[in-house]
Amino acid sequence: MCIKILMIHNFSNDIIEKISIHLQPNEFYRVILSVSSKINGFIDYKKDYLQYKRISKMSISDAATMGWNDYIEYSINHHLEQKNYNLINKDVWKALHFSIINNREIIVKNILSANIIPFARANIYQLANIITNLNYTNMVYSFYYIFIDKGYTIEEIFNNRSVINAITNNNMELIEFLYLGNVIEPLSLDYACIYDNIEMVKYFHQRDFQITENTLALSTHSNNLSIIKFINLNGGIDNGDILLNACKSNCSIHILDYLIENFKYSYENAIEIDLLQHLTQIDSIFLFSYLLGKGIPYSLEILNLHCSCGNLHNVRCLIQNRCPLNLDTLPQAIQADNLSLIQYLIELDNPTINSSILYSLYLATSYNNQETMEYIHNYIKNNFSSHKYSIPLQ
């Protein structure tokens, strides 16, 4: 079999046909796969090998992988005639997904037009979302016309996910198409803010899409001062979360300057809610230094919270600004298992931290944090006498 596969490229069509007589259908299928570059040159699907079931083992999905559109078209029609719906349904879905992802529009059109698989609305949305996510505009139009011909409306073909895909891909042509089809929903302006697309923000605003009470806060996710200023100047509302959202998005300093200067309510709310305790997902000494310099309050509880999250830079910034420590500070860092943070705290040589070292060693042992155990043990051994601490030192 291997010899035949290796040599078949050099054989004429007649010799290939004679070889095929001695092969089982699945073996001939493998030969075809091995010489896919010659397939259209020596096979007449309808008259010869399909008639004798020489490649009947080939799936439509495998044919799609190799781009054999003629075979796919014939096979679909053949199965439709035989009413083999159950045999082909799953395979057609696989072929369809592969062809969409690889932008094989003709194969996609043939499969969709064949009426061989049922389409629930969720299936149509799923396929449309794949196509719009991949930004295949021409295929979007083909997809649309096929399902319109099947009696679907545009709202049954595309949903809000397709709109978001068009926004993230900066595909204004597709946005225009969906807008004219009345698919664009009222919150699309908010999505354009979130996904940092100033042109589409202006496009939606010109068409009277509403700026809601959340639009301004959402615009900070873009980290784009132009969008924030545009929304602010066109009716944006300070809902109290603008500075919080901007910090969570790790906005640049010049954006934070603009927000603090222009949105007093959000700044006052940030102070009231202890803003720093809401920023545990961000570890930035620059952000924390900036906020502390703007009068955002800190506390021991906030310090320990960031220790428990392993945020070395935030903790360093707080301590440099004279935040107090307690006996729970180091154990919280042990819990986070951040060795760099643990080393920083211990090497402060702070009396409060020193008083919690033994308990921290116990915690590291219970958590089986090997590197931390070794570091604390060696630190104690090298810096304190064994008489001071009632633990065995080796």
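Residues numbered from 1 in each chain as written. Predicted model: local features only at pLDDT ≥ 70, side-chain atom pairs only at ≥ 80, totals over all residues. Heavy atoms only, no water.

Got a minute to help me understand the nonpolar core in this structure?
If you look at the biggest cluster of nonpolar residues, it comprises 113 residues, and the most contacted ones within it are F143, F158 and F204. Considering every element that reaches this core, the biggest residue donor is helix α10 (residues 137-149), with 6 residues. Those residues within four positions of F158 in sequence are excluded, and the remaining contacts are Y125, A128, T132, V140, F143, Y144, F177, L178 and V183. (Core = buried A, V, L, I, M, F, W, Y, C linked by side-chain atoms within 4.5 Å. Buried < 20%, exposed > 50% of the residue type's maximum accessible area, 1.4 Å probe, protein only. Helix = DSSP H or I, 4+ residues; strand = E, 2+ residues; numbered from the N terminus. Contact = heavy atoms within 4.5 Å.)

What exactly am I supposed to notice about helix α11 (residues 160-168) here?
Three- or four-residue spacings in an α-helix give side chains the same orientation, since the helix completes a turn every 3.6 residues. Counting buried positions along α11 yields 7 of 9 residues, so the element is predominantly enclosed. Of the residues making up α11, those classed as buried are N160, S162, V163, I164, N165, A166 and I167. At the N-terminal boundary of α11, the capping side chain belongs to N159, with an oxygen 3.1 Å from the backbone nitrogen of R161. Just beyond α11, the residue with positive phi is N170, at close to 55°. (Polar contact = N/O pair within 3.5 Å; in protein donor to acceptor, adjacent residues only side chain to side chain.)

Which parts of the structure should I look at to understand unusual backbone geometry?
Backbone geometry follows two general trends: most residues other than glycine have a negative phi, and most peptide bonds adopt the trans configuration. At D208, a position not held by glycine, the phi torsion is positive, near 65°. By the element assignment, D208 lies in the loop between α14 (198-206) and α15 (215-219). By relative accessible area, D208 is classed as exposed at 70%. A positive phi angle is found at R322, which is not glycine, with a value near 65°. In this structure, R322 sits in the loop between α22 (312-320) and α23 (329-336).

Even after reading the chapter, I still don't get the packing of α11 against helix α12 (residues 172-180), so can you show me in this structure?
To describe two helices that pack against each other, one gives the angle between their axes and the distance between the axes. It is at 8 Å that the axes of α11 and α12 come closest, and there the two elements cross at 150°. Classified by the angle their axes make, α11 and α12 are roughly antiparallel. In the packing of α11 onto α12, the handedness of the crossing is left-handed. Between α11 and α12, the contacting residues are S162, V163, A166 and I167 on the first element and L174, I175 and L178 on the second. (Axes fitted to C-alpha atoms, helices over the stretch in contact; angles between N-to-C directions. Parallel < 35°, antiparallel > 145°, perpendicular 65-115°, else oblique. Left-handed = near helix turned anticlockwise from the far one by under 90°.)

Sorry if this is basic, but what is going on with the packing of helix α21 (residues 300-308) against α22 here?
Axis separation between α21 and α22 bottoms out at 9 Å; the angle between their running directions is 155°. Relative to α22, the element α21 is oriented roughly antiparallel. Crossing of α21 over α22 shows left-handed handedness. The segment α21 lies against α22, with I302, L303, H306 and C307 engaging N314, V315, L318 and I319. Residues that form the contact of α21 with α22 fall into these classes: 6 nonpolar, 2 polar and no charged. (Nonpolar A, V, L, I, M, F, W, Y, C, P; charged D, E, K, R; others polar.)

Whenever I open this one, the packing of aromatic side chains confuses me. Can you help?
For the structure shown, the criterion picks out 14 aromatic pairs. When the centroid spacing of 4.8 Å and the interplanar angle of 50° are considered together, the rings of F143 and F147 count as tilted. Remark: F147 and F143 occur in helix α10; sequence separation between them is 4 residues, near one turn of the helix. Note on F147: relative accessible area 0%, which makes it buried. With 5.1 Å between their ring centres and 90° between their planes, Y144 and F177 make a pair best called edge-to-face. (Phe/Tyr/Trp six-rings, centres within 6.5 Å; stacked < 30°, edge-to-face > 60°.)

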